[in-house]
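# Remarks on the overall topology
Each chain, letter by letter, is given below.
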Amino acid sequence: MTDTIPSLLPVPDDGWSRVLCIVAHPDDMEYGTSAAVATWTARGIEVTYLLLTAGEAGMAEPPDVVRPLRAAEQRRACSEVGVENLLILDHPDGMLEYGLALRRDIARAVRTVRPDAVVTANFDVEAYGGLNQADHRAAGLAVVDGVRDADNPWVFRDLAEAEGLEPWHASALLVAGHERPTHASPVDDAAVTAAVASLNRHEAYLKHVTGHPKPEEFIPEILRAGGAQAGSDHAVTFRVFDLGGLGGGSEG
């Protein structure tokens, strides 16, 4: 345990039963955030991944070859951190569009899974040391709106009338990888190891990315940096938005 005075609040996940993680691509959850997922599933929290695209435009091979390959790698990555529920939508990779269709799909997933909290990735224009990818930006904004749409009975009424999906209120939205985090989820050595293993499961994708650092080298470093802000050895940091009902010290 580090002696550093923590500057971030702990993620208020006591009492959570379900978490829904919504990102643009396969592997987006595996750059550190999956350590928090491993911690949650080890405690019995059910975690579902929703990928808005299949990541089919992310490699040199044709999309019809890449799509099933990346899905298989994502399933193996999920198994490393205790995630049994993986949903992959068919929005086009590299051309993900913010709009009503994407918001409806997200609202549908929220009403189906009925999570206590929703996790997404940083969607700022500048992120991760450079300019953020277009799909990440569209995904994050759509998650912000789709989560709230899911709670509004007068938005996407067909979800209730035609599909029987009643409105659902998630108590919090967690944005991973944010440069101004408010909260942290401390993780133990086993969760760090699981996070590294989850990224390594994207074997074909990692081989495609020239010069990609080894997960066992940089993932623990990311988590140590989070731990320094959390007063622990390792942690995953989030910017947490209280959507009502979370309680105590969250971003408004």
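Look above for the structure.
Residues numbered from 1 in each chain as written. Predicted model: local features only at pLDDT ≥ 70, side-chain atom pairs only at ≥ 80, totals over all residues. Heavy atoms only, no water.

We now examine the nonpolar core. Counting 42 residues, the largest nonpolar core has W16, V37, W40, V47, Y49, L174 and F238 as the members making the most contacts within it. Looking at this core, the element that brings in the most residues is helix 6 (residues 189-200), giving six residues. If we ignore the near neighbours within four places in the chain, the residues touching L174 are V11, W16, W40, A117, V118, V119, T120, F238, R239 and V240. Counting residues in each nonpolar core, the second largest holds 27 residues, with L20, L52, A109 and V144 among its members. (Core = buried A, V, L, I, M, F, W, Y, C linked by side-chain atoms within 4.5 Å. Buried < 20%, exposed > 50% of the residue type's maximum accessible area, 1.4 Å probe, protein only. Helix = DSSP H or I, 4+ residues; strand = E, 2+ residues; numbered from the N terminus. Contact = heavy atoms within 4.5 Å.)

This part takes up the pattern of salt bridges. Applying the stated criterion to the full structure yields 10 salt bridges. Ionic pairing is found between R108 and D105, a salt bridge with its closest N-O pair at 2.8 Å. Of this pair, R108 and D105 both sit in helix 3 (residues 100-113), separated by three residues, roughly a single helical turn. Note that E163 and R108 form a salt bridge whose closest N and O atoms lie 2.9 Å from each other. With a gap of 55 residues between them, E163 in the loop between helix 5 (158-161) and strand 8 (172-176) and R108 in helix 3 connect regions that are remote in the sequence. (Salt bridge = Lys/Arg side-chain N within 4 Å of Asp/Glu carboxyl O.)

Bringing helix 2 (residues 63-80) into the picture now. End to end, helix 2 covers 26 Å across 18 residues, agreeing with the expected 26 Å (1.5 Å per residue, within 8%). Buried within helix 2 are the following residues: V66, R70, A71, A72, E73, Q74, A77 and C78. Buried residues in helix 2 make contact with strand 3 (46-53), strand 4 (85-91), helix 6 and helix 7 (203-208). Positive backbone phi, approximately 80 degrees, marks G82, located one or two places after helix 2. (Expected span 1.5 Å × (residues − 1).)

In this section: the packing of helix 3 against helix 4 (residues 134-149). The interhelical angle for the contact between helix 3 and helix 4, taken along N-to-C directions, is 55 degrees, at an axis separation of 8 Å. If you check the angle between helix 3 and helix 4, you find them oblique. Crossing handedness for the pair helix 3 and helix 4: right-handed. Note on element contacts: helix 4 touches helix 3 through A138, A142, V143, D145, G146, V147 and D149, opposite L102, R103, I106, A107, V110 and R111. Classifying every residue of the contact of helix 3 with helix 4 by side-chain character gives eight nonpolar, one polar and four charged. (Axes fitted to C-alpha atoms, helices over the stretch in contact; angles between N-to-C directions. Parallel < 35°, antiparallel > 145°, perpendicular 65-115°, else oblique. Left-handed = near helix turned anticlockwise from the far one by under 90°. Nonpolar A, V, L, I, M, F, W, Y, C, P; charged D, E, K, R; others polar.)

Time to look at unusual backbone geometry. Positive phi is not limited to glycine here, since D27 has a value of about 85 degrees. If you trace the backbone, D27 turns up in the loop between strand 2 (18-23) and helix 1 (34-42). The exposure class of D27 is buried, given its relative accessible area of 5%. Positive phi values are uncommon outside glycine, yet R114 reaches one of about 60 degrees.

Attention shifts here to the pairing of strand 3. Walk down a regular strand and you will see the side chains alternate between the two sheet faces. Within strand 3, seven of the eight residues are buried, which leaves the element mostly enclosed by the surrounding structure. Where strand 2 meets strand 3, six bridges bridge the pair, whose relative direction is parallel. Its bridge partner being in strand 3, I22 is matched across the sheet by L50. Each parallel crossover has a hand, and for strand 2 linked through helix 1 to strand 3 it is right-handed. Direction of pairing for strand 3 relative to strand 4: parallel, over a ladder of five bridges. Note that in strand 4 the partner of Y49 across the bridge is L86. (Pairing = 2+ DSSP bridges. Right-handed = clockwise from strand over helix to strand, strands pointing away.)

Summarising burial for strand 2: five of the six residues are buried, a large majority. As paired strands, strand 2 and strand 5 (residues 117-121) are joined by three bridges and run parallel to one another. The residue bridging C21 from the neighbouring strand is V119, located in strand 5.

Turning our eyes to something else, we now look at the packing of aromatic side chains. Counting across every chain of the model gives three aromatic pairs. Judged by centre distance (5.9 Å) and plane angle (35 degrees), the ring pair of Y31 and F218 falls under tilted. Taken together, the residues span a long stretch of sequence, with Y31 in the loop between strand 2 and helix 1 and F218 in helix 8 (residues 215-230) at a distance of 187 residues. A relative accessible area of 15% means that F218 is categorised as buried. (Phe/Tyr/Trp six-rings, centres within 6.5 Å; stacked < 30°, edge-to-face > 60°.)

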